[in-house]
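Descriptive analysis of the structure
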Amino acid sequence: MTAIALFLPTLLGFLALAVVLRNEHDTGLVERLCFSYPLGTGLLTIQMFVLGLLRVPLTLVNTSLPIVAEIVLLSVLIVIQKITIMPKPSFGFRDEFLSTNIPRIKKVALLLFILWAGAKLFSVFVETGLRPIFAWDAWANWSVGAKLFYAAKSLLLDSPPQDFFASGAVLRITAYPLHNPMMQMWISLWNGGFDEVLVKFWNPVYLLCLAGCLYIMAKKELNALTAMMMLVVFLGSQLMSYHAIEAYSDLALSTYLLLAAISFLYAMRGREAFWILTGVFSAEALFTKDEALFFIAPLCISAVIYIWKDSIDRRRKQYEIIKLAAPLLLAAPWYFFKFSHALGLGANHIKLEFTFHPEIILPALQQLYSLENFNVIIVFFPLLLLLGGKPSQEFLHIVLVVASYVVFFVALYMFTTFYYEHFSRGTVFFRNILTYYPVIVLLTILLLKRIFLAIKQAETPIAVAVPKKKKKRHRAR
Amino acid sequence: MDFNLQNLLSMPSINGITINDVQLSSSVVSFFYTLIAIIFVCSFVISLKKYTFLSALKKGVIITFFSAGIVYSIHADIGWSTWLINDNRVFGGLGTDEKLSRMEAGLYDFTLAVRKVIDDDYVLFSSDIYLPLRMEYFLLPHRKRDQAKYIVVLVDKEAHYDQVTHTFTRGDVRIDQVVPVLVFANDAYVLMRQPS
């Protein structure tokens, strides 16, 4: 039943993607599948929340019916408009292995990396199945809501004030967005009960999608072998594998932020349908964790600046901005509900008390260079940035978004008492980085492409270049 | 800095803290930085024979990035496999309740017993911090209330139940006319208020 619960939103996302990308021929099957699951689950949980707001009992039938109806509607639309839904598979391994131009050692290395990455991803699913929810704030903050909503088959909006919206139970934080509890509830509805192991199974699928998206991206920008190496390095983050097996929201958020960034990148490359997806993934990120706002806001500003600078046609500019902004309305019901009930941003117990601790910069840098949690990617990123030379416009538009997001976190640790204390206790620093780590990997891929190109251009051996110099000198004489 | 080669493959075990940070020992960090330096120097010197200074520098950094990254991944995945093997040994083949029972020891067994005897909200007394929260979570959707029908006592040094007078006391709290409905252990039991 868990498999059906995960398959249905994937199918919804896949069909929705086929319609949005109907004129798009560069997106292969694997990439679409990796986009489909996060897209579908985001749409599903937002719909469940809206149904809850409308006081529709959140039963299996009531929550599944809209999804099934949408799947049918999209299928009809696809048939009527003769939209291709199955583009060619895009892993590209077959071509690599059959090619006679690629040395055997490279093929063996590629095979080893495929097996390694595959085994790692598989093991994450195995580990998810072995452990019940174990991390303190996973159950105390996130699963409490899921359990109560599931038991009540509602969002408890008509309950007495002390129980309103499942408040007051264990350490539930009513201000937190509902993507995570709604996913746990959806799986429970399909299984007919809240199972402490099965309710987490939506999370490792995000890791699978992340891995697929980053591999496809790296393969397009670099080559299959380097892409697989990059994937193995990316999956070498212990913290990420760890979050993938637990009922946390950080990995889901990192997936949505990456997909919003990739869609933005594609849109900047002239693939216009991706403006819509940038907006949709942004809205889904906003429904996953509060801090998403501080990534999505600069992303939207960056996108609007890009659109404004890129096109001279005023109507086209407006059209592209609408395509980006309209899907953001998906997050509107949540924000309307949140602020109309004074839920605020972040945990309920956070008191906005200001302080000033500039000294945190040093321990933050020490932690960043401690090599903990994120393989060597964070350590090498500034170096690759320097070697990459003058950055491209598309790179700048994304890196500035990440920089704003980083500045936001640093400001939190430096200027607010609550987060300064959490920073000192070591409970926020790395897991906040986790939310933008995949975007850093995306930027690393773009940097590697530039550096590879620069090396290739300069690959003229010195021995060949010398006679030319001599000739010049001769002429000068 | 103590550099102990035996610590190179050590990895903290799965717990609620590692979810924030999987710490590496100073030996491991020193090992990686040494490795990075060695790979970089070697690849840079070799590349210098074929490339200009800047290209050799770039090539050296790229080679170091991937080599160190892959060695790091081997290290990380050895740690990951250790967790996996260990968890398979502890939880493999068990049902969810059995897994929780093994993970939370007596607490979950007590919760299962409590769930069988209570059909309404409860008041929970404990002198611990973690245990009552975890129990409260397991007992959902029944909620913890001040004036509830059931009284759950879990590892509470101050709590006392007088079997003769059917009175429960804890500090200033005194509840009369209560009867035990479950005695799981000396410090883990459930009482029920009798209608007056």
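Residues numbered from 1 in each chain as written. Chains lettered and ligands numbered in written order. Predicted model: local features only at pLDDT ≥ 70, side-chain atom pairs only at ≥ 80, totals over all residues.

What chain B contains, in helices and strands, is 5 helices and 7 strands. Mapped in sequence order, the helices and strands of chain B form the string α-α-α-α-β-α-β-β-β-β-β-β. Scaling as 2.2 N^0.38, a compact globule of 196 residues should have a C-alpha radius of gyration of about 16 Å, whereas chain B reaches 28 Å, well beyond that. Dimensions of chain B, computed from C-alpha atoms along their principal axes, come out at roughly 95 × 40 × 30 Å. Taking all 196 residues of chain B together, 31% fall into the buried category. Contacts spanning at least 24 positions in sequence make up 50% of the contacts within chain B whose residues lie at least 6 apart. (Helix = DSSP H or I, 4+ residues; strand = E, 2+ residues; numbered from the N terminus. Rg over C-alpha atoms; globule rule 2.2 N^0.38 Å. Buried ≥ 20, exposed ≤ 12 C-beta atoms within 10 Å, placed from the backbone. Contact = placed C-beta atoms within 7 Å.)

Here we come to the overall build of chain A. Helix and strand content of chain A: 21 helices and 0 strands. Structurally, chain A occupies a C-alpha span of about 95 × 60 × 55 Å along its principal axes. In chain A, which comprises 477 residues, the proportion classed as buried is 46%.

Attention shifts here to the interface of chain A and chain B. In this complex, chain A contributes 53 residues to the contact, which on the side of chain B involves 44 residues. Elements supplying a minimum of two residues to the side of chain A that touches chain B: α5 (104–130), α6 (136–152), α9 (224–235), α10 (238–244), α17 (377–387) and α20 (429–457) of chain A. For the side of chain A that touches chain B, the element with the most residues is α6(A), which contributes 7 residues. Residues of the side of chain A that touches chain B, tallied by class, amount to 34 nonpolar, 10 polar and 9 charged. (Nonpolar A, V, L, I, M, F, W, Y, C, P; charged D, E, K, R; others polar.)

Moving on: the confidence of the model for chain B. For chain B, the average pLDDT comes to 88, and 90% of its residues sit at 70 or higher. Across the interfaces of the predicted complex, the ipTM metric reaches 0.89, alongside a pTM of 0.92. (pLDDT = per-residue confidence, 0-100.)

Where a strand is regular, its side chains alternate between the two sheet faces. Residue and element names in this part refer to chain B. The sheet contact formed by strand β3 (residues 160–162) and strand β4 (residues 167–170) spans 3 bridges and is antiparallel. In the sheet register, D162 faces β4, and the bridge partner there is T167. Counting the residues in the hairpin turn of β3 and β4 gives 4 residues, including H166, whose phi is positive at 55°. Looking at chain direction, β4 and strand β5 (residues 173–175) are connected through 3 bridges and run antiparallel. Bridging across to β5, T169 finds its partner in R174. Counting the residues in the hairpin turn of β4 and β5 gives 2 residues, including G171, whose phi is positive at 60°. (Pairing = 2+ DSSP bridges.)

In the segment running from L140(B) into P141(B), the intervening peptide bond is cis, with an omega of 10°. One non-glycine residue, K82(A), lies in the positive phi region at around 50°. Structurally, K82(A) is set in the loop between α3 (60–80) and α4 (93–98). For K82(A), a count of 7 C-beta atoms within 10 Å corresponds to the exposed category. One non-glycine residue, L371(A), adopts positive backbone phi at about 65°. Relative to the helices and strands, L371(A) resides in the loop between α16 (361–368) and α17. A residue is classified by how many C-beta atoms lie within 10 Å of it, and L371(A), with 22 of them, is buried.

Core analysis: the largest hydrophobic core is formed by 187 residues, its most contacted members being C213(A), L214(A), L231(A), L257(A), A261(A) and L442(A). Both of domain 1 (5–91) and domain 2 (97–193) of chain B provide at least three residues apiece to this core. Discounting residues that sit within four places of it in the chain, L442(A) has contacts with L214(A), M217(A), L258(A), A261(A) and I262(A). (Core = buried A, V, L, I, M, F, W, Y, C linked by C-beta atoms within 7 Å. Domains from an automatic or database assignment.)

Below, the discussion takes up the packing of helix α1 (residues 26–48) of chain B against helix α2 (residues 53–91) of chain B. Helix-helix packing is described using two parameters, namely the angle between the two axes and the distance between the axes. Residue and element names in this part refer to chain B. Between α1 and α2, the least distance of the axes is 8 Å, while the angle of their chain directions is 145°. Remark: the crossing between α1 and α2 carries right-handed chirality. The residues of α2 that touch α1, namely those facing F32, L35, I36, I39, F40, S43, F44, S47 and L48, are A56, L57, K59, G60, V61, I63, T64, S67, A68, V71 and Y72. Of the residues contributing to the contact of α1 with α2, the split by class is 14 nonpolar, 5 polar and 1 charged. (Axes fitted to C-alpha atoms, helices over the stretch in contact; angles between N-to-C directions. Left-handed = near helix turned anticlockwise from the far one by under 90°.)

Turning to the sheet that holds strand β2 (residues 150–154) of chain B, a few remarks are in order. Residues and elements named next belong to chain B. Read across the open sheet, the 4 strands follow the order β1-β2-β7-β6; overall the sheet is mixed. In the strand order of this sheet, the two ends are held by β1 (122–125) and β6 (178–185), each with one partner. Going across the sheet, the axis of each strand differs from the next one's by a mean of 20°, ignoring polarity. Pairing geometry for β6 and strand β7 (residues 188–193), over 6 bridges, is antiparallel. Residue pairing across strands places V179 opposite M192, the latter belonging to β7.

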